[in-house]
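Chain by chain, the residues run as shown.
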Amino acid sequence: MRAPNAIDFWRGVALVMIFINHVPGMVYSQLTLRDYAISDAAELFVFLAGCSLAFVAAGKAGPKPAGQVVGRLLWRAFEIWRAQIVVISVAVAMLGAGALYFNDPLLLEWHGAKPAFSDTARASIGLVLLTYQIGYFNILPLYVVLLLLALVFVVIARRSLAAALAASFALYAATLTWQLQLPSWPAQGAWFFNPLSWQLLVVLGFAVITLQQKHPTMWQAAVRRLWPVSVVVVAIGAVVVWIEYRPDPMAVPDPRFFFLFDKQFLSPVRILNMAALAIAFYPLFPILARAMAPLVRYCSSLGRNSLAVFCVASLLALAGQIARYVGEPGFLLDTGIVIVGLVALRVTAWIAELQPSSS
Amino acid sequence: MDRGIAAFVLLASACAFALYGFVTRTALREPAEPTAISLDAAPASFALAGGAQTLSTQCRVESAPFEGRAPLRSVRRALLEKRPARIVAFGTSSMLAADASSPIASYPSELERDLEANGLQVEMIGRTQAGAVADDAAERLKTAMAALRPDLLVWQVGTDDAIARIDADDFADRLRDTLGWLAAHDIDVVLVDPQYVARLSDDEGYTGIVDQVAAVASEKRILRVNRYEAMADLARAHPSWSRLAGDRFRLSDMGYRCAAEYTADAIVAGIHAAVKAEGGETP
């Protein structure tokens with residue numbers, strides 16, 4: 001078990017926020033990033049995945065062999081695909097159980113679940129191909145494709161980091177310009193998170209840590225220089241969210257996704273806001289590690305076991321949604337959901353760390 | 001060894017999947033397989049059916065199938081321009097247009113068929129918001145509208161907000177804002193209120209959202225399909241439909257089937273209202 005570090009800590013923070021945001025309507029969502037920034041915990045989570053990728057690719061005495069890195073990423077993508085199949089199956093079962101127990105047909109339609117019950121043959125195929133996703137269970141499919149795309153960029157980066165960044169930017173720009181998407185099936189539409197644009201955030205996280213490893217002094221100096229600007233950008237983002245400003249999609253010029261605050265295509269303003277947040281909060285971890293050690297240990301334990309914790313968080317959030325739907329929603333119930341969730345996530349991390357190869 | 005084999009299988013699968021993903025470019029402007037209905041006659045020359053007489057026996061209830069007399073000017077304009085009216089059905093997963101051979105007759109497919117029976121040429125597109133509530137839902141809807149540029153939005157509204165226990169007044173404020181935005185961009189709207197669920201018939205949180213949909217639709221002079229009341233009538237007439245049988249809730253299935261018929265009637269009435277309001281011939 002590794003000691004708490006900034007990436008694990010912030011990933012744990014993102015997991016807690018994702019858990020809370022996945023129970024829509026809870027009063028505690030006002031404490032999460034989405035209420036103070038244009039980007040939210042999903043961007044933070046994916047950016048940190050890119051940061052971690054740099055450690056997967058780099059060894060202590062130079063880059064790891066390409067085959068080893070590719071094998072590791074492929075295996076990780078397989079693990080996440082497997083997790084998605086399990087988690088979405090359990091989620092569908094929970095909705096089915098709820099519909100039976102409460103005699104409530106709405107539960108069979110929640111979050112796009114209806115094809116699982118009414119068009120089972122096609123939904124089963126779509127589930128395995130990841131083209132069938134239900135609401136709030138669409139981050140892991142994004143991750144699978146991001147890891148497969150990351151393979152290409154990591155291999156390119158072994159020759160030239162600049163070339164990897166250029167390729168990533170090119171794919172991002174093409175995706176936003178021509179609105180490239182991965183299709184949903186059997187339902188019409190496209191993936192909630194578009195991996196072809198979100199890959200840029202992974203590559204940026206990878207590049208940031210790679211540069212830190214290669215040029216630590218210059219990297220620190222750059223962060224120091226950018227810190228004041230980043231704080232201003234974060235503040236502007238908070239004001240934009242506070243006044244509830246959003247560009248009118250009919251009013252912006254084409255290609256419009258460059259100018260919107262769109263989450264599916266990850267519009268540039270969300271990346272800019274995420275980058276500013278990363279720099280602005282970068283100095284905070286050492287301070288928190290000294291002043292609030294138990295909190296840092298808690299969040300880091302979640303971050304160290306992110307896949308297991310994310311899966312349990314997703315299912316707990318769905319249980320929380322059902323509890324709020326069938327129960328009396330209010331501050332007490334919301335508080336109960338959050339407390340049970342936070343304890344269960346820590347227990348999950350603890351169990352995961354008992355295993356020989358925790359995620 | 002096992003890991004090696006698994007990695008090989010995964011690599012092959014990944015290549016196939018990546019190829020599948022990249023060759024299938026779903027351009028939002030041109031949705032996959034638009035289901036335009038071709039009629040024999042040019043759109044300007046066919047006569048619209050009259051309205052409520054198109055309801056099937058099972059869907060005839062005491063409550064009015066829809067409320068309001070709002071003119072659907074953009075739909076009428078599309079028909080006068082001799083092109084199919086582009087309709088987006090937006091809402092929960094039952095609004096998704098599965099392909100025609102799917103065992104479930106999805107709401108958009110049923111609606112398309114009912115409009116065809118009324119002599120209308122339409123291009124039907126289904127989109128879901130899958131759990132989005134409040135500002136997120138409004139934002140996603142606006143982005144979809146900007147991409148698809150429909151003449152008419154058939155919006156099943158309120159269900160996800162009711163499930164998430166969003167405050168009914170906050171919900172109403174956001175609905176007003178979004179309807180104002182749609183009107184400013186000349187997109188006609190037909191609202192479909194949430195479905196009736198026996199368990200929630202006394203739940204103030206749920207019925208509060210249903211009431212607000214009705215109140216805002218009335219205030220904004222928007223056509224509203226009266227699905228909640230119609231399903232309540234069906235539930236009273238057929239108590240067994242509210243129970244799960246054969247893995248299906250008959251009331252829910254009939255709710256969608258009948259809502260498609262009611263919506264088709266509402267659209268036809270809205271076109272007639274546009275003709276009356278603007279003068280000229282029926283498209």
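Model, not experiment: these values are computed from the prediction. (Residues numbered from 1 in each chain as written. Chains lettered and ligands numbered in written order. Predicted model: local features only at pLDDT ≥ 70, side-chain atom pairs only at ≥ 80, totals over all residues.)

Talk me through the environment of Phe 171 of chain B; I want residue IDs and the actual numbers.
All names here are of chain B. For Phe 171, the position within the fold is in helix 6 (residues 168-184). Classification of Phe 171 by C-beta neighbours within 10 Å gives buried; the count is 23. Linking Phe 171 and Gln 212, residues 41 residues apart in sequence, is a C-alpha distance of 7.9 Å. For Phe 171, the contacting residues outside a window of four places in its chain are Gly 158, Asp 161, Ile 166, Ile 209 and Gln 212. (Helix = DSSP H or I, 4+ residues; strand = E, 2+ residues; numbered from the N terminus. Buried ≥ 20, exposed ≤ 12 C-beta atoms within 10 Å, placed from the backbone. Contact = placed C-beta atoms within 7 Å.)

Please give an account of the sheet that holds strand 3 (residues 122-128) of chain B that cites residues and values.
All names here are of chain B. Read from one edge of the open sheet, 6 strands run 1-6-5-4-2-3, paired in mixed fashion. The sheet terminates laterally at strand 1 (66-67) and strand 3, the two strands that pair on one side only. Bridge count for strand 2 (residues 85-91) against strand 3 is 7 bridges, and the pairing is parallel. Looking at the pairing, Phe 90 lines up with Arg 127 of strand 3. (Pairing = 2+ DSSP bridges.)

Provide a residue-level description of the packing of helix 9 (residues 216-242) of chain A against helix 10 (residues 268-281) of chain A, including the pertinent values.
Residues and elements named next belong to chain A. For the pair helix 9 and helix 10, interaxial distance at closest approach is 8 Å and the crossing angle is 125 degrees. Here helix 9 lies oblique to helix 10, going by the angle between them. With respect to the hand of their crossing, helix 9 and helix 10 are arranged in left-handed fashion. Along its contact with helix 9, which presents Val 223, Leu 226, Trp 227, Ser 230, Val 231, Val 233, Val 234 and Gly 237, the element helix 10 presents Leu 272, Asn 273, Ala 276, Leu 277, Ile 279 and Ala 280. The class makeup of the residues in the contact of helix 9 with helix 10 is 11 nonpolar, 3 polar and no charged. (Axes fitted to C-alpha atoms, helices over the stretch in contact; angles between N-to-C directions. Parallel < 35°, antiparallel > 145°, perpendicular 65-115°, else oblique. Left-handed = near helix turned anticlockwise from the far one by under 90°. Nonpolar A, V, L, I, M, F, W, Y, C, P; charged D, E, K, R; others polar.)

Let's hear about helix 7 (residues 161-178) of chain A: which residues, and what values?
All names here are of chain A. Relative to the 26 Å expected for 18 residues at 1.5 Å per residue, helix 7 spans 26 Å between its end C-alpha atoms, a close match to the ideal helical length. Taken as a whole, helix 7 has its buried residues at Ala 164, Ser 168, Leu 171, Tyr 172, Thr 175 and Leu 176. One side of helix 7 holds all its buried residues, which, seen down the axis, span an arc of 130 degrees. Turned more than 90 degrees away from the buried face of helix 7, the exposed residues are Ala 162, Ala 163, Ala 166, Ala 170, Thr 177 and Trp 178. Where helix 7 is buried, its residues meet helix 6 (139-159) and helix 8 (195-214). In the stretch just after helix 7, Gln 179 is the one whose phi turns positive, near 55 degrees. (Expected span 1.5 Å × (residues − 1). Arc of directions from axis to C-beta.)

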